[in-house]
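Chain by chain, the residues run as shown.
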Amino acid sequence: MTVDLAELRPEAIEAADARALALLADGQPDEAVSLLRGIVHRAVTKHGDEDLLTGMAQSRLAEMLRRTGAPEAEQLAALTDAIKAFSASVGPSDPQTTAAFGRLAHVALAAQAVEIAVTAGMQAIGGLQARGEGETPEAGGIYAVLAIAAAARRSPAAPGAAERAYRLTAAAGGDDADRRRALAAWRSLGQPRRIPITDELSLVAFGAPPQVVVELDHVAQDGALDQHTHGLRSEAARALREQIMSPPFAYRASAGGFEVVSRSGGAAAVRFERDLEVVLEPAEFAVLRAGLAEALSGGRGGGEPGRNDPCSCGSGQKYKRCCGR
């Protein structure tokens, strides 16, 4: 198949992708990859490496590389080039850019490139949040990747990501890859549960004896999720609870982490690194105190269903025969 440079439009790229899939189905994977590499070369030659058509071609190539079992390094390179083109042409929050970031996170995790997986996953979540899609099953699948990657680098962000992944993929069946990944992360990280304080601030309790993470979700100006978390072991969390029960107080979790400080009239503020601050009105501060007490009580709240209970995914099967397998 040949594509005239003058006629290189989205429809031509889609047609080339369809032809490549047909070649793959006919047992010609090398030819399929070669065809799409040729389309990428033509797109870059005519339009440059920051054009929408180039991003589309690179994205199709990356998917074909995945289908043919190409090394992760080749897939990562194609996805990185696609993201560069999409970000420059349609912006970081466009669905095409977000999808490429999500795929990059999955491939990087498989390649054990943890830092790339975290960065790409956070960019994908930021794009979804910017479009009001941060609480969707698609986001849940990316949170599952983030949970595993964050746990690998011992980040306090891991329990919060695992909780979101478990909750957002609940409607998927037990055979869904994202759901299986989410369940594995949720179990291995102590079945975390979230206690909302404000729209952006939460406590995440996990493990036994219970530990606590204070989490702030903040979308930066570039559309990426700028998430600040700091984990507290049970003894440190207990000390924080004891100190904030009777203001005035000033408690710093650790250098570079966060601090809770009292305000007049019963209000408070939680200050994160980089000078981000969440001001709590008296009622919200009371919720923080109650949340810490609940988190440290070791109560499980809505924990994992029993093996013979109905599965929470809504399949109608028993948990042991569905998501609990």
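Relevant structure appears above.
Each residue is numbered by its place in its chain's sequence as written, counting from 1. Owing to the predicted nature of the model, reporting of local features is limited to residues with pLDDT of at least 70; listing and counting of side-chain atom pairs is limited to 80 or more, with chain, interface and lining totals taken over all residues. Only hydrogens and water are set aside when side-chain values are computed; all heavy atoms of the structure are taken into account.

**Q** Help me understand the nonpolar core in this model?
**A** Across soluble globular proteins, you tend to see nonpolar side chains buried next to one another. Here, the term nonpolar core denotes a set of buried Ala, Val, Leu, Ile, Met, Phe, Trp, Tyr and Cys residues that are joined through side-chain atoms within 4.5 Å. When a residue's accessible area, from a 1.4 Å probe over protein chains only, is under 20% of the maximum for its type it is buried; when over 50% it is exposed; and in between it is partly exposed. In this structure, Ile13, Leu61, Ile125, Tyr143 and Leu146 are the most contacted members of the largest nonpolar core, which totals 61 residues. Note on contacts: a residue pair qualifies if any of its non-hydrogen atoms lie within 4.5 Å across the two residues. Discounting residues that sit within four places of it in the chain, Leu146 has contacts with Ala117, Val118, Gly121, Met122, Ile125 and Ala161. By size, the runner-up hydrophobic cluster in this structure holds 21 residues, among which are Val214, Leu276, Leu292 and Leu296.

**Q** I'm lost on the pattern of salt bridges in this one. Help?
**A** One side chain can pair with another of opposite charge once the charged atoms of both are near each other. Salt bridge criterion: a side-chain nitrogen from Lys or Arg within 4 Å of a carboxyl oxygen from Asp or Glu. Counting across every chain of the model gives 19 salt bridges. In this structure, the salt-bridge partner of Glu133 is Arg131, at a minimum N-O distance of 3.1 Å. Residue classification places Arg131 among the partly exposed residues on the basis of a relative accessible area of 25%. In this structure, Arg164 engages Glu135 in a salt bridge whose closest nitrogen and oxygen atoms are separated by 3.3 Å. Taken together, the residues span a long stretch of sequence, with Arg164 in helix α8 (residues 157–168) and Glu135 in the loop between α6 (114–130) and α7 (137–152) at a distance of 29 residues. In this structure Arg164 comes out as buried when scored by relative accessible area, which is 6%. With relative accessibility at 45%, the residue Glu135 sits in the partly exposed group. Secondary structure elements follow DSSP: runs of H or I no shorter than four residues count as helices, runs of E no shorter than two count as strands, and numbering proceeds from the N terminus.

**Q** Please clarify how the side chain of Ser202 should be interpreted in this entry.
**A** As for its position among the elements, Ser202 is in strand β2 (residues 201–206). Relative accessible area serves as the criterion here: at 6%, Ser202 is assigned to the buried category. Each residue touching Ser202, except ones within four places of it in the same chain, is listed here: Arg194, Ile195, Pro196, Ile197, Val213, Val214 and Glu215.

**Q** What exactly am I supposed to notice about the side chain of Arg193 here?
**A** Among the structural elements, Arg193 can be located in strand β1 (residues 193–196). The exposure class of Arg193 is buried, given its relative accessible area of 11%.

**Q** Explain the environment of Ala88 to me, please; I cannot follow it from the model alone.
**A** With respect to the helices and strands, the residue Ala88 is situated in helix α4 (residues 72–89). You can call Ala88 partly exposed: its relative accessible area is 44%. Measuring from C-alpha to C-alpha, the distance between Ala88 and Asp51 comes to 7.1 Å, with 37 residues separating the pair along the chain.

**Q** Explanation requested: the packing of helix α5 (residues 95–110) against α7 in the structure shown.
**A** When two helices pack together, you describe them by how their axes are tilted relative to each other and by the distance separating the axes. For the pair α5 and α7, the least separation of the axes is 10 Å and the interaxial angle reads 35°. Once α5 is placed against α7, the crossing between them reads as left-handed. Where α5 approaches α7, its residues Gly102, Ala105, His106 and Leu109 are matched on the opposing element by Gly141, Ile142, Val145, Ile148 and Ala149. Asp, Glu, Lys and Arg are counted as charged, while Ala, Val, Leu, Ile, Met, Phe, Trp, Tyr, Cys and Pro are counted as nonpolar; the rest, among them Gly, fall into the polar class. Broken down by class, the residue content of the contact of α5 with α7 amounts to 6 nonpolar, 3 polar and no charged. Fitted lines through C-alpha atoms give the axes, limited to the stretch in contact for helices. The angle between two N-to-C directions lies from 0 to 180 degrees. Two helices crossing with the near one rotated counterclockwise from the far one by less than a right angle form a left-handed crossing, whereas a clockwise rotation gives a right-handed crossing.

**Q** How should the environment of Ser34 be read in this particular structure?
**A** Residue placement: Ser34 occurs in helix α2 (residues 29–47). Owing to a relative accessible area of 46%, Ser34 belongs among the partly exposed residues under this scheme. In this structure, the C-alpha to C-alpha distance between Ser34 and Leu61, residues 27 residues apart in sequence, is 9.2 Å.

**Q** How should I be thinking about α5 in this particular structure?
**A** Working note: α-helix, 3.6 residues per turn, so residues spaced by three or four point in the same direction. With 16 residues, α5 extends 23 Å from end C-alpha to end C-alpha; this agrees with the ideal 22 Å at 1.5 Å per step. Looking only at α5, the buried set comprises Thr97, Thr98, Ala100, Phe101, Gly102, Leu104, Ala105, Val107, Ala108 and Leu109. Structurally, α5 contributes buried residues whose contacts are with α4, α6 and α7. Counting of polar contacts relies on pairs of N or O atoms within 3.5 Å, with two restrictions inside protein: one atom must be capable of donating a hydrogen and the other of accepting it, and residues adjacent in sequence are counted only when both atoms are side-chain atoms. The residue sitting at the N-terminus of α5 and contributing the capping side-chain oxygen is Asp94; that oxygen lies 2.9 Å from the backbone nitrogen of Gln96. Of the residues one or two after α5, Gln112 is the one with positive phi, at around 60°. Under the convention used throughout, the expected extent of a helix is 1.5 Å for every residue step, that is, one less than its residue count.

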